[in-house]
Amino acid sequence: MKTFALVDCNNFYVSCERLFRPELQNRPVVVLSNNDGCIIARSNEAKALGFAMGSPYFKNLALLRRHKVSVFSSNYALYGDLSSRVMSLLLHQENEVEIYSIDEAFLALPASPNWDVTAYARDLCKKIKQWVGIPVSIGLAPTKTLAKIASTIAKKQPAQQGVCRLHDQQKIDNTLAQTPASAIWGIGRRSTKKLQQHGIHTALQLKEADQDWIRKTLTITGLRTVIELGGMPCLDMEKAPPPRKSIVSSRSFRRPITTHQHLKEAIATYTAIAAVKLRHQKLRCGAIHVFLTTNRFQKEKGFYANSQTITLASPSGDTPRLTHYALQGLQAIFKKGYRYSKAGIMLLNLSKEGHRQLHLFRGEKKERRELMVAMDKINQQWGRHTLQVAASGLNKSWSMSQEYKSPAYTTNWQELPHTGGGK
DNA sequence: TCTGGGGTCCTAGGACCC
DNA sequence: TCTGGGGTCCTAGGACCC
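Residues numbered from 1 in each chain as written. Chains lettered and ligands numbered in written order. Predicted model: local features only at pLDDT ≥ 70, side-chain atom pairs only at ≥ 80, totals over all residues. Heavy atoms only, no water.

> Honestly, the sheet that holds strand β7 (residues 136-141) in this entry has me stumped. Any pointers?
Two pairing modes exist for strands in a sheet, parallel and antiparallel, and in both the strands are linked by backbone hydrogen bonds. The strand order across the open sheet formed by 5 strands is β5-β6-β1-β7-β8, and the pairing between neighbours is mixed. For this open sheet the edge positions go to β5 (96-101) and β8 (163-165), each flanked by a neighbour on one side alone. Strand after strand, the sheet turns through a mean of 20° between neighbouring axes, direction not considered. Alignment of β7 against β8, held across 3 bridges, turns out to be parallel. Paired with I138 across the two strands is V163, which belongs to β8. Here helix α4 (residues 76-91) sits on the sheet in contact with β1 (3-9), β5 and β6 (104-109), set at roughly 160° to β5. (Pairing = 2+ DSSP bridges. Helix = DSSP H or I, 4+ residues; strand = E, 2+ residues; numbered from the N terminus. Axes fitted to C-alpha atoms, helices over the stretch in contact; angles between N-to-C directions. Contact = heavy atoms within 4.5 Å.)

Right, here's the structure in full:
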């Protein structure tokens, strides 16, 4: 039987920021979500000071200052680039690899009695640290769900040298007895509550729970988790990523928006961003979903959220055309008198580009497709908004704030780090 | 004043068909 | 007074993940 390994980058966003600011080693650091909204990554020192995942930035302001915590806005160009360096190193190890998220990958390691899989994993940790500079932890176990648990143990116990293997039954059960049910992959807040009401608090109790009851209460997904806790793999490696089903682009605004004009600019801008992704993946979309909302935390000021889906007569990847429909959708749901905090669009019914359509309407005209190719090239070279549809607006006063963003050290020539010598 | 963004999967229930 | 059964498809909403 093969061994699943979960390779998990430690405090990934923080580690990325530290790579170019080595003086921040051993110092508390946090990274904020888009629009500088919440804390979404914390160094161990920041965790120890009590800063919680997902906690709003403005509520932590005073405490962050008092403890002299370094604060960064999120810099996805940097994180994405470092992620792909880690992943390509893994892909070169000749194992089966599944890239699970920006900072995690599963490996399937062959079982062989004369092979020390733990030593191999330790070696891999070292290699990644040396070659990319990002610290990782690795969990080894007979199922993905157990490997997840193993990796969190590896992270918490420095004595493990970055690796934890859950192998023999006794060790697995001891570990599960000390793991709260809420810490299991796939068990969220709602399920935790249901389990608690049923007297199930630990992973071991969950593993031994009545499977019919689990199936009824937590659906087939919960049952899979339980079986995986028992050491029987239910979730296999996903070698090729399945084709996208939707592409979303949405942002919170710097300040609430009240005018139709500003919302139009935002929706046109988000549509353009999503359309670039669409074309990049050689896809077209058959429907576009537009949504907007006022602040959901301030319902006393009058809450309003709405959305509309528009189906296209034929699939498209053409920014002006998609923008046209998106704005039509916006028109239908916009109501005057509200303070909008966020809006976005979603591209749906995605299909492969160039699929010959057996339909009265042929796809986009050739010239239009060429125009989009040219536009993407120019924007890639000169920056995202060099060429855009007029509706997107020029000054974008509504766009999100990112006050503490680090430079795009690795992906932008203008922002390469320089050494010494001042500016 | 200020609370992220981008995804997937599952289920229940309604519409519709014969 | 009595109002089938079985199937598919679609959608909205819930739940979860990082």
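We are not done yet, so read on.
> I tried to follow a positive patch on the surface on my own but got confused; where do I start?
Together, R189, R190, K193 and K194 line one region of the surface with positive charge. The exposed category is assigned to R189, whose relative accessible area is 74%. (Patch = residues over 30% accessible without salt bridge, like charges linked within 9 Å, V, L, I, M, F, W, Y side chains within 5 Å. Areas by Shrake-Rupley, 256 points an atom, 1.4 Å probe, with all protein chains shown as cover. Salt bridge = Lys/Arg side-chain N within 4 Å of Asp/Glu carboxyl O. Lys, Arg positive; Asp, Glu negative; His and termini not counted. Charge placed at Lys NZ, Arg CZ, Asp CG, Glu CD. Buried < 20%, exposed > 50% of the residue type's maximum accessible area, 1.4 Å probe, protein only.)

> I keep staring at a nonpolar patch on the surface and nothing clicks. Help me out?
On the surface, I378, W382 and L387 cluster together into a nonpolar patch covering about 320 Å² of accessible area. Judged by its relative accessible area of 33%, I378 is partly exposed.

> What is the right way to look at the protein's contact with DNA strand B in this model?
Taken together, the neighbourhood of DNA strand B is formed by 28 residues, with V248, S250, R251, S252 and Q298 sitting nearest. Taking all atoms of DNA strand B within 4 Å of the protein, the share assigned to sugar and phosphate is 71%. Between DNA strand B and the protein, one listed contact pairs a phosphate oxygen with a side-chain N or O atom of R224 at 3.4 Å. Between DNA strand B and K342, the relevant distance is 3.1 Å, taken from a phosphate oxygen to a side-chain nitrogen or oxygen of the residue. Mapped by element, the contributors of at least two residues to the surface near DNA strand B are α3 (57-66), α10 (211-229) and β9 (247-257). Ranked by residue count, the leading element in the surface near DNA strand B is β9, at 7 residues. Per-class residue counts for the surface near DNA strand B are 9 nonpolar, 11 polar and 8 charged. (Near = heavy atom within 4 Å. Polar contact = N/O pair within 3.5 Å; in protein donor to acceptor, adjacent residues only side chain to side chain. Nonpolar A, V, L, I, M, F, W, Y, C, P; charged D, E, K, R; others polar.)

> Whenever I open this one, the protein's contact with DNA strand C confuses me. Can you help?
The immediate surroundings of DNA strand C are formed by 13 residues, with S101, D103, K148, G186 and S191 found nearest. Counting only atoms of DNA strand C within 4 Å of the protein, the fraction found in sugar and phosphate groups is 100%. Here S101 contributes a side-chain N or O atom positioned 2.8 Å from a sugar or linking oxygen of DNA strand C. One of the side-chain nitrogen or oxygen atoms of R190 is found 2.9 Å away from a phosphate oxygen of DNA strand C. Of all elements in the fold, only β5 and α8 (189-197) reach the threshold of two or more residues within the surface near DNA strand C. Of the residues assigned to the surface near DNA strand C, the class counts are 4 nonpolar, 4 polar and 5 charged.

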